[in-house]
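Listed below, chain by chain, are the residues.
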Amino acid sequence: MSPFSDPLALQTGLFIDGAWRNATAGATFPVENPATHEVIARVADGSAEDAVLAIEAAGRAQAEWSKSTPRERADILRRAFDLVIANTDRLAAIMTAEMGKPLAEARGEVAYGAEFLRWFSEEAVRIGGDNTTSVDGSTRIVITKEPVGPCVLVTPWNFPLAMGARKIAPAIAAGCTMVFKPAELTPLTSLALVDIFKQAGLPGGVLNVVTTSSAASVVEPWMSSGIARKISFTGSTEVGKILLRQAAENVMRSSMELGGNAPFIVLADADLERAVDGAMKAKMRNMGEACTAANRFFVHRSIVDEFSGKLSKRMSELRVGNGALDGTEVGPLIEQAGLDKVETLVADAVLKGARVLTGGSRPEGPGYFYAPTVLVDVPADSKLMDTEIFGPVAAVTAFDSEDEAVRMANDTAWGLVGYVFTENMDKALRFSKALEVGMVGLNTGLVSNSAAPFGGIKQSGLGREGGKIGIDEFLEYKYTAIAG
Ligand code: ADP
């Protein structure tokens, strides 16, 4: 038996119509600790048949759930927030065991994810509407908002609690029912979160969860069911495109939080200490496994050596190890494929002329660890300039003119976030405007928080999560024309 099953009270089943159950075929799949390769639990391996049961439950529950009052929904979210906070240590331990991030970061994610529950508990009672008249004064126009209907939620493994919370909370606030498929690499945190919603009093059928080792065989039946009215997806651009094609068939509302290729620009006048601090956060949060991670560093030639030297020193001092151990600052990558990808990208850049200032290798022993790495003189044709690295590798390139920095930053199909470091207000505003992204970090390496409309442009996605407009993704506007 897993050492985690007792103290952490792991849920490992499917959750359909308000009850935990096994997969219909009784199948399970293993969840591995990426620091040790230990199998920490086996989780129900849902099939297409289970998927149908789940979407039918969500469909049945929608009519009643649409009638729930805003205050009821707000209270459920608020109770869930309190329970998540009360369970911080347990949730963080589960997250670290299945995902690898250091415990301190896992606790940080619990707090960050919980905030979406509190934020949307506050938004649930402020959905409101509008009231106006036609321009000729002949008609009164009353605008109301209604839940979109049953939603398909699909989340990635890198933020196992926050990505689920950021979708489930606005869906509950808006009055939508859901079918939810968490990432197969990190299902345990999501299942613990779902159990918290059960304890918080969420009615049966509102939130249904199917874990599976075969994503397409569960999600495709949901997309083609004709019951689901919306898809909210966070993951790769590649899978996002597949789901958008499937969404087209039933003309489903679509929210897509896809990949990024964030530029991190340091202008000649930047406060270097601040820029290095920002770089450490933008690069190393979550071991670099974040769509918001700084992927390409563009630094003015006059300061590039000093910046790279300071960054390299800070990176080399980080303690890499099992995230469950005290003092660990950098955990393992999620799986062998991620590690192979990072190794290949670094080898390609070095072959093309990049120099390694620190790191550039993986340590001996078990676990998918990679050393924090700084590469300089990274040529523009290196694969990592156009690939999400998703690992602890900072690739630094010098620029001479600010126009060149903007051009290089925008030379990508993605447009999620860009970071700019400068002490000059005029330049700061100019860069914020010129960057083709949905979010700008100005003298900060962190852009994610519940009050902000998170999201990207270009191939980084559609729609926004969080902030005042986050709930709109789960609402339809209806207007009634009243003859005046
Ligand atoms: P990542 O590269 O971060 O793992 P993915 O886009 O592969 O991103 O995965 C994000 C989520 O999408 C996961 O829950 C995964 O299981 C799911 N997924 C992967 N392939 C498909 C698919 N063909 N259809 C639906 N969901 C998928």
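Cut-offs and rules
- Residues numbered from 1 in each chain as written.
- Predicted model: local features only at pLDDT ≥ 70, side-chain atom pairs only at ≥ 80, totals over all residues.
- Heavy atoms only, no water.
- Helix = DSSP H or I, 4+ residues; strand = E, 2+ residues; numbered from the N terminus.
- Rg over C-alpha atoms; globule rule 2.2 N^0.38 Å.
- Buried < 20%, exposed > 50% of the residue type's maximum accessible area, 1.4 Å probe, protein only.
- Contact = heavy atoms within 4.5 Å.
- Areas by Shrake-Rupley, 256 points an atom, 1.4 Å probe, with all protein chains shown as cover.
- Lys, Arg positive; Asp, Glu negative; His and termini not counted.
- Charge placed at Lys NZ, Arg CZ, Asp CG, Glu CD.
- Pairing = 2+ DSSP bridges.
- Axes fitted to C-alpha atoms, helices over the stretch in contact; angles between N-to-C directions.
- Salt bridge = Lys/Arg side-chain N within 4 Å of Asp/Glu carboxyl O.
- Near = heavy atom within 4 Å.
- Polar contact = N/O pair within 3.5 Å; in protein donor to acceptor, adjacent residues only side chain to side chain.
- 1 Å grid on protein atoms, 1.4 Å probe; cavity = no way out; pocket = protein on both sides within 12 Å on 5 of 7 lines; lining within 4 Å.
- Sits in = over half its atoms within 2 Å of the grid points.
- Nonpolar A, V, L, I, M, F, W, Y, C, P; charged D, E, K, R; others polar.
- Phe/Tyr/Trp six-rings, centres within 6.5 Å; stacked < 30°, edge-to-face > 60°.
- Parallel < 35°, antiparallel > 145°, perpendicular 65-115°, else oblique.
- Left-handed = near helix turned anticlockwise from the far one by under 90°.

Focus on the overall build of the protein chain
For step 1, the next point in the chain: A tally of helices and strands in the protein chain yields 13 helices and 22 strands.
For step 2, the next point in the chain: For 484 residues, the compact-globule estimate of 2.2 N^0.38 gives 23 Å, and the C-alpha radius of gyration of the protein chain, at 23 Å, lies within 12% of that figure.
For step 3, the next point in the chain: Taken across its 484 residues, the protein chain has 56% of its residues classed as buried.
For step 4, the next point in the chain: Relative to all contacts within the protein chain whose residues are 6 or more apart in sequence, the contacts with residues 24 or more apart total 74%.
For step 5, the next point in the chain: With the model as given, the accessible surface of the protein chain reaches about 18,700 Å², and the carbon-plus-sulfur share is 53%.
For step 6, the next point in the chain: When the 47 positive and 59 negative side-chain charges of the protein chain are each reduced to one mean point, those points stand 4 Å apart.

What about the sheet that holds strand S12 (residues 262–266)?
For step 1, the next point in the chain: Strand order in the open sheet formed by seven strands is S14-S15-S16-S13-S12-S18-S19, with mixed pairing between adjacent strands. Two strands in the sheet have a free side with no partner beyond their single neighbour: strand S14 (355–358) and strand S19 (439–442). For this sheet the average axis-to-axis angle between neighbouring strands, irrespective of direction, equals 25°.
For step 2, the next point in the chain: With three bridges connecting them, strand S15 (residues 373–376) and strand S16 (residues 393–399) associate as parallel partners. Bridged to Val-374 within S16 is Ala-394.
For step 3, the next point in the chain: Relative to the sheet, helix H11 (residues 336–351) contacts S14, S15 and S16, its axis offset from that of S15 by approximately 25°.

What about the side chain of Asp-50?
For step 1, the next point in the chain: With respect to the helices and strands, the residue Asp-50 is situated in helix H1 (residues 48–66).
For step 2, the next point in the chain: The class for Asp-50 is buried, based on a relative accessible area of 0%.
For step 3, the next point in the chain: Here Asp-50 is in contact with Leu-14, Ile-16, Arg-21, Ala-23, Thr-24, Asp-45 and Val-210, once residues within four sequence places are set aside.

Focus: the pattern of salt bridges
For step 1, the next point in the chain: Going through the model one piece at a time under the given rule, you end up with 26 salt bridges.
For step 2, the next point in the chain: Bridged by salt links that share partners, the residues Glu-402, Asp-426, Lys-427 and Arg-430 form one connected network.

Quick word on the site of the ligand
For step 1, the next point in the chain: With respect to spatial proximity, 15 residues lie near the ligand, and among them Thr-155, Trp-157, Lys-181, Glu-184 and Ser-236 are the closest.
For step 2, the next point in the chain: Between the ligand and the protein, one listed contact pairs an oxygen atom with a side-chain N or O atom of Trp-157 at 3.0 Å.
For step 3, the next point in the chain: Within the side chain of Ser-236, an N or O atom sits 2.6 Å from an oxygen atom of the ligand.
For step 4, the next point in the chain: Considering the ligand on its own, with 550 Å² of exposed area, one finds that the protein chains cover 77% of that surface.
For step 5, the next point in the chain: With respect to the pocket detection grid, the ligand is positioned in the largest pocket.
For step 6, the next point in the chain: Going through the elements one at a time, helix H7 (215–223), strand S10 (230–234) and helix H8 (237–249) are the ones with two or more residues in the shell around the ligand.
For step 7, the next point in the chain: With three residues, the single largest contributor to the shell around the ligand is H7.
For step 8, the next point in the chain: Looking at side-chain class alone, the shell around the ligand contains nine nonpolar, four polar and two charged residues.

Observations regarding the sheet that holds strand S6 (residues 139–147)
For step 1, the next point in the chain: Read across the open sheet, the three strands follow the order S5-S6-S22; overall the sheet is antiparallel. The sheet is open, and its two edges are formed by strand S5 (130–133) and strand S22 (475–483), each paired on a single side. Going across the sheet, the axis of each strand differs from the next one's by a mean of 25°, ignoring polarity.
For step 2, the next point in the chain: By the bridge criterion, four bridges tie S5 to S6 in an arrangement that is antiparallel. Within S6, the residue paired with Asn-131 across the bridge is Val-142.

Section: the packing of aromatic side chains
For step 1, the next point in the chain: Applying the stated criterion across every chain yields a total of seven aromatic pairs.
For step 2, the next point in the chain: Each ring, one from Tyr-112 and one from Phe-116, has its centre 5.3 Å from the other, and the planes form 70°; the classification is edge-to-face. Linking Tyr-112 with Phe-116, this pair stays in helix H4 (residues 103–124), spanning four residues, or about one helical turn.
For step 3, the next point in the chain: Ring geometry for Phe-264 versus Phe-297: centroids 4.8 Å apart, planes at 40°, classification tilted. Within this pair, whereas Phe-264 is found in strand S12, its partner Phe-297 is found in strand S13 (residues 294–300), the two being separated by 33 residues in sequence.

Here we look at the environment of Ser-361
For step 1, the next point in the chain: On the secondary structure map, Ser-361 appears in the loop between S14 and S15.
For step 2, the next point in the chain: Note: C-alpha distance between Ser-361 and Pro-372 (11 residues apart in sequence) is 8.7 Å.
For step 3, the next point in the chain: Once residues within four sequence positions are removed from consideration, Ser-361 is found in contact with Tyr-370 and Ala-371.

Examining the pairing of S10
For step 1, the next point in the chain: In terms of burial, S10 is largely enclosed, as five of its five residues are buried.
For step 2, the next point in the chain: Residue alternation in S10 divides its side chains into two sets, Lys-230, Ser-232 and Thr-234 and Ile-231 and Phe-233, and both sets are buried.
For step 3, the next point in the chain: When strand S7 (residues 151–154) meets S10, the two strands line up parallel, connected through four bridges. Bridge pairing in S10 links Val-152 to Ile-231.
For step 4, the next point in the chain: Pairing of S10 with strand S11 (residues 253–257) involves five bridges; the strand directions are parallel. Looking at S11, one finds that Ser-232 is bridged to Ser-255.

Some points on unusual backbone geometry
For step 1, the next point in the chain: Positive phi values are uncommon outside glycine, yet Asn-286 reaches one of about 65°.
For step 2, the next point in the chain: Turning to its location among the elements, Asn-286 is positioned in the loop between helix H9 (272–284) and S13.
For step 3, the next point in the chain: For Asp-377, which is not glycine, the phi torsion reads 55° and is therefore positive.
For step 4, the next point in the chain: Positionally, Asp-377 belongs in the loop between S15 and S16.

Section: the packing of helix H3 (residues 88–99) against H4
For step 1, the next point in the chain: Packing of H3 against H4 brings their axes to within 8 Å, and their N-to-C directions diverge by 120°. In terms of orientation, H3 lies oblique with respect to H4. The crossing of H3 and H4 is right-handed. In this structure, H3 uses Thr-88, Asp-89, Leu-91, Ala-92, Ala-93, Met-95 and Thr-96 to contact H4, whose residues at the interface are Leu-103, Ala-106, Arg-107, Glu-109 and Val-110.

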